[in-house]
Amino acid sequence: FPQKLWRMLESSRLQSIWWSEGGKCVAINKDVFEEEVLGRAGPQRLFDTQKMKSFMRQLNAYGFTKTKKDDQRSASLPEFLAEEAALSAHRQILYYYNPCFNRAHPWLLERCMRR
């Protein structure tokens, strides 16, 4: 699972999953991922599941934890409202972190084991 996930992140073919936070987190656009990755059938299928909840359980089983994107928020009301509008488009983005899953340190991947 971790190796397959790594290959997906390094691939430029998928638009629904990417490295985030300087390569320390996995970012997933939930709606697009469900269609682009989990919706595949037959030999095109990447994972044994077609459900996002099962995929997230798999991430948790390998030590990934859901995290929030750390955004600095503006103190002024107009800027805050503009930021809220921009963020509403990103509400379906999920971020997962695992200390052994880091783009800058691929050798740590072997430590990423099922709990």
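The protein chain has the name HSFY1 protein in an unreviewed UniProt entry, where Tyrannus savana is given as its organism. Per UniProt, the protein chain has the following entry under Subcellular location (unreviewed entry): "Nucleus". Taken from UniProt, the Sequence similarities (unreviewed entry) comment for the protein chain reads in full: "Belongs to the HSF family."

Along the backbone of the protein chain there are four helices and four strands. Taken across its 115 residues, the protein chain has 38% of its residues classed as buried. Sequence-distant contacts in the protein chain: of pairs separated by 6 or more residues, those separated by 24 or more amount to 59%. About 7600 Å² of surface is accessible on the protein chain, with carbon and sulfur atoms providing 50% of the total.

Here we come to the sheet that holds strand 4 (residues 93-97). Read from one edge to the other, the open sheet built from four strands follows the order 1-2-4-3, with strand pairing classed as antiparallel. Because the sheet does not close on itself, it has two edges, and the strands there are strand 1 (17-20) and strand 3 (65-67). On average, adjacent strands in this sheet sit at an angle of 35° to one another, irrespective of strand direction. Sheet strands touched by helix 2 (residues 30-38): strand 1, strand 2 (25-29) and strand 4. Its angle to strand 2, the strand with the most contacts, is close to 80°. Running at roughly 20° to strand 4, helix 3 (residues 52-61) makes contact with strand 2 and strand 4 of the sheet.

Procedures and definitions
- Residues numbered from 1 in each chain as written.
- Predicted model: local features only at pLDDT ≥ 70, side-chain atom pairs only at ≥ 80, totals over all residues.
- Heavy atoms only, no water.
- UniProt positions renumbered as here; feature names shortened; annotations may be inferred.
- Helix = DSSP H or I, 4+ residues; strand = E, 2+ residues; numbered from the N terminus.
- Buried < 20%, exposed > 50% of the residue type's maximum accessible area, 1.4 Å probe, protein only.
- Contact = heavy atoms within 4.5 Å.
- Areas by Shrake-Rupley, 256 points an atom, 1.4 Å probe, with all protein chains shown as cover.
- Pairing = 2+ DSSP bridges.
- Axes fitted to C-alpha atoms, helices over the stretch in contact; angles between N-to-C directions.

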